[in-house]
Amino acid sequence: MPMKSDLRFSLPTPAQCGEMDRKASETIGISALMDRAGWAVAQAIRARFAPCRVLVLCGPGNNGGDGYVAARYLERAGWSVQVAPLAPPREGSAAFGAAAQYRGRITDFAPENARRADLVIDAVFGAGLDRPPAPEVVAVLSAARTLVAIDLPSTVNGTTGAALVEGPDYRMSVTFVRPKPGHILYPGREICGELICADIGMPEVCLEAAGPTIWLNGPGLWHVPAMSPEDHKYRRGVVSICAGQVMPGATRLAAAGARASGAGLVRISAGEGAAAYCLGAPGLVIDDGPLKTLLEDERRRVWLCGPGLTEPEVAASLPLLLASERIVLADAGALGWAGSEPEKLRGVSVITPHIGEFTRLFGAPGDDLVAAAREAAQRIGAVVVLKGAVSVIVSPDGRVALNDHASPALATAGSGDTLAGVIATMLAAGMAPWEAACAGVWLHGEAGMRAGNWPIVEALDAHLGDARAKAIALACEI
Ligand SMILES: NC(=O)C1=CN([C@@H]2O[C@H](COP(=O)(O)OP(=O)(O)OC[C@H]3O[C@@H](n4cnc5c(N)ncnc54)[C@H](O)[C@@H]3O)[C@@H](O)[C@H]2O)[C@@H](O)CC1
Ligand SMILES: [K+]
């Protein structure tokens with residue numbers, strides 16, 4: 001069973017929102033929530049636009065109901081408003097009540113009306129969108145000069161962020177209670193424009209009843225250990241890294257990332273290649289002994305295997321690490337070594353593939369990254385960090401964190417090696433694998449945001465300590 005995490009980080013799917021609405025209908029009532037939702041939309045628009053001619057496109061469901069309410073409040077504020085219904089709401093529904101309360105102008109659901117308006121509000125479909133909208137709907141949306149979505153654009157899958165059809169981009173989307181995964185994941189994120197999440201007083205029990213399993217990554221969802229007067233290097237944690245002879249740079253970057261994010265001690269297991277590392281950073285310990293002997297030291301629990309390793313080098317190390325039941329983070333060369341047989345990675349704690357590595361291991365993920373990463377995590381029993389502009393961090397128990405705390409500055413060679421080092425440090429500090437991976441991805445993103453314009457990968461290290469301090473401070477505030 002997925003563990004319950006803090007609801008403030010939750011990203012309920014549209015299906016879970018349906019569950020939340022059902023629970024809400026037993027307590028606060030949908031009409032009250034709809035009134036607050038429509039009011040929040042009108043407020044967000046009034047705060048960002050000067051009074052202008054508004055057309056509200058209303059669908060048959062509750063999303064349309066929110067549209068009628070927003071129309072009523074904008075009209076009350078003196079704006080020029082028209083509503084274009086796609087289809088009438090079901091009699092007796094909350095949306096039916098909202099439509100009845102709107103007594104303003106009604107017009108046809110037609111492209112020419114959208115073209116004439118200064119601002120078009122899309123209240124056609126929201127969480128209930130369950131198939132691609134008809135071409136007539138897309139034609140009307142596409143005719144708009146400026147579009148604002150209520151909850152979600154009527155073209156975007158709220159669970160996956162996939163565009164169900166090619167459609168227009170929005171200036172802003174106003175959602176309620178919590179963002180949905182489709183607001184965070186690409187391309188939905190880009191289509192939505194500015195995202196506003198309005199508090200409409202949804203009782204927390206309703207959100208809890210929805211049973212969210214997807215979370216927005218951030219401090220408070222996990223806690224990174226702070227510095228303590230009782231610290232010593234083994235308490236902070238030892239990170240051991242398998243090193244190769246051909247590409248020492250990747251190993252060194254991972255080692256530097258591990259040290260800069262607060263590891264107590266970083267050791268490089270270099271075997272016959274030790275000479276290549278001995279002249280590197282003086283704070284590193286280089287081991288030239290056989291791996292088997294190094295594994296006799298029980299304090300060396302956490303191992304990073306993959307950055308800079310050839311497949312034979314992985315073959316000579318990873319099976320030994322797994323046999324000795326170490327906490328292993330597998331990346332880069334280790335993923336290549338597994339090829340299209342991900343089961344070879346069973347026993348590792350965390351893997352960190354980018355989309356190309358993921359595809360080689362598990363096949364193309366398709367439109368639903370979360371579902372694909374979940375399946376992968378279950379298949380190998382390890383945390384999967386699917387790296388991208390929004391990284392997807394999945395535990396085998398089904399918990400998912402979406403990380404949008406990142407910067408395009410991270411899209412540079414070696415950045416993944418640094419990340420692997422940071423996650424290894426979090427594991428060495430005693431964090432559980434999913435939490436460690438979430439924390440590592442966030443710290444790496446924070447360092448990227450602090451590193452300024454076009455940083456080289458080594459520049460990230462200078463910001464990892466401050467990133468960790470910020471994560472600790474933020475988690476205390478929450
Ligand atoms: N979750 C919340 O906290 C709240 C949600 N509210 C609103 O309720 C919305 C969800 O309402 P509903 O569940 O009624 O769903 P929608 O209003 O999104 O759409 C439902 C209807 O559209 C039909 N439909 C879906 N896709 C279609 C397509 N491509 N072509 C034609 N018909 C299609 C469905 O069969 C259904 O009849 C949210 O998006 C939000 O705007 C608010 O009213 C109040 C609070
Ligand atoms: K909508």
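Residues numbered from 1 in each chain as written. Chains lettered and ligands numbered in written order. Predicted model: local features only at pLDDT ≥ 70, side-chain atom pairs only at ≥ 80, totals over all residues. Heavy atoms only, no water.

### What to know about the coordination of the potassium ion (ligand 2)
Angles between donor atoms at a metal ideally measure 109.5 degrees for a four-coordinate tetrahedral arrangement and either 90 or 180 degrees for a six-coordinate octahedral one.
Alright, step 1. Distances from the potassium ion (ligand 2) to its protein donors, N63 (OD1), D122 (O), F125 (O), I150 (O) and L152 (O), fall within 2.6 to 2.9 Å.
Alright, step 2. Positions of the donor residues of the potassium ion (ligand 2) along the chain correspond to the pattern N-x58-D-x2-F-x24-I-x1-L. Of this pair, D122 sits in strand β4 (residues 119–123) while I150 sits in strand β5 (residues 147–150), and the two are 28 residues apart along the sequence. Considered together, D122 and I150 belong to a single accessibility category, that of buried residues. (Donors = N, O, S within 2.8 Å, 3.2 Å for Na, K, Ca; no water. Helix = DSSP H or I, 4+ residues; strand = E, 2+ residues; numbered from the N terminus. Buried < 20%, exposed > 50% of the residue type's maximum accessible area, 1.4 Å probe, protein only.)

### With respect to the site of ligand 1
Alright, step 1. If you check the shell around ligand 1, you find 22 residues, and the closest are D66, G126, A127, R131 and D151.
Alright, step 2. D21 has a polar side-chain atom sitting 2.9 Å from a nitrogen atom of ligand 1.
Alright, step 3. When ligand 1 is considered free in solution it has 870 Å² of accessible area, and contact with the protein chains removes 81% of it.
Alright, step 4. Within the residue set of the shell around ligand 1, elements represented by two or more residues are α1 (14–26), α2 (30–48) and α3 (62–76).
Alright, step 5. With three residues, the single largest contributor to the shell around ligand 1 is α3. (Near = heavy atom within 4 Å. Polar contact = N/O pair within 3.5 Å; in protein donor to acceptor, adjacent residues only side chain to side chain. Areas by Shrake-Rupley, 256 points an atom, 1.4 Å probe, with all protein chains shown as cover.)

### Here's the deal with the domain arrangement of the protein
Alright, step 1. For the protein, the assigned domains are domain 1 (10–212) and domain 2 (233–477).
Alright, step 2. Its C-alpha centre places domain 1 at a distance of 41 Å from the equivalent point of domain 2.
Alright, step 3. Opposite the eight residues of domain 1 that make contact, domain 2 presents eight residues.
Alright, step 4. Taking both sides of the interface into account, the surface hidden between domain 1 and domain 2 amounts to around 660 Å²; carbon and sulfur atoms contribute 75%.
Alright, step 5. Broken down residue by residue, the surface that domain 1 buries against domain 2 is led by T160, I184 and L185, which jointly contribute 54%.
Alright, step 6. Remark: the boundary between domain 1 and domain 2 carries one salt bridge.
Alright, step 7. The salt bridge involving D404 is made with R189; its shortest N-O contact spans 3.1 Å.
Alright, step 8. At the junction of domain 1 with domain 2, the criterion picks out one residue pair in polar contact (both at pLDDT 80 or more).
Alright, step 9. In terms of residue class, the side of domain 1 that touches domain 2 is built from six nonpolar, one polar and one charged. (Domains from an automatic or database assignment. Contact = heavy atoms within 4.5 Å. Buried area = accessible area lost by both parts, 1.4 Å probe. Salt bridge = Lys/Arg side-chain N within 4 Å of Asp/Glu carboxyl O. Nonpolar A, V, L, I, M, F, W, Y, C, P; charged D, E, K, R; others polar.)

### Looking at the sheet that holds strand β11 (residues 285–287)
Alright, step 1. One open sheet holds the 10 strands; their spatial order is β8-β17-β16-β15-β14-β13-β12-β9-β10-β11, and the pairing between them is mixed. Whereas interior strands pair on both sides, the edge strands pair on one side only; in this sheet they are β8 (214–216) and β11.
Alright, step 2. The pairing of β8 with strand β17 (residues 400–403) spans three bridges and is classified as parallel. Across the sheet, L216 pairs through a bridge with L402, a residue of β17.
Alright, step 3. Where helix α18 (residues 369–380) meets the sheet, it contacts β8, β14 (350–351), β15 (383–386), β16 (391–394) and β17, and its direction lies at approximately 35° from that of β16. (Pairing = 2+ DSSP bridges. Axes fitted to C-alpha atoms, helices over the stretch in contact; angles between N-to-C directions.)

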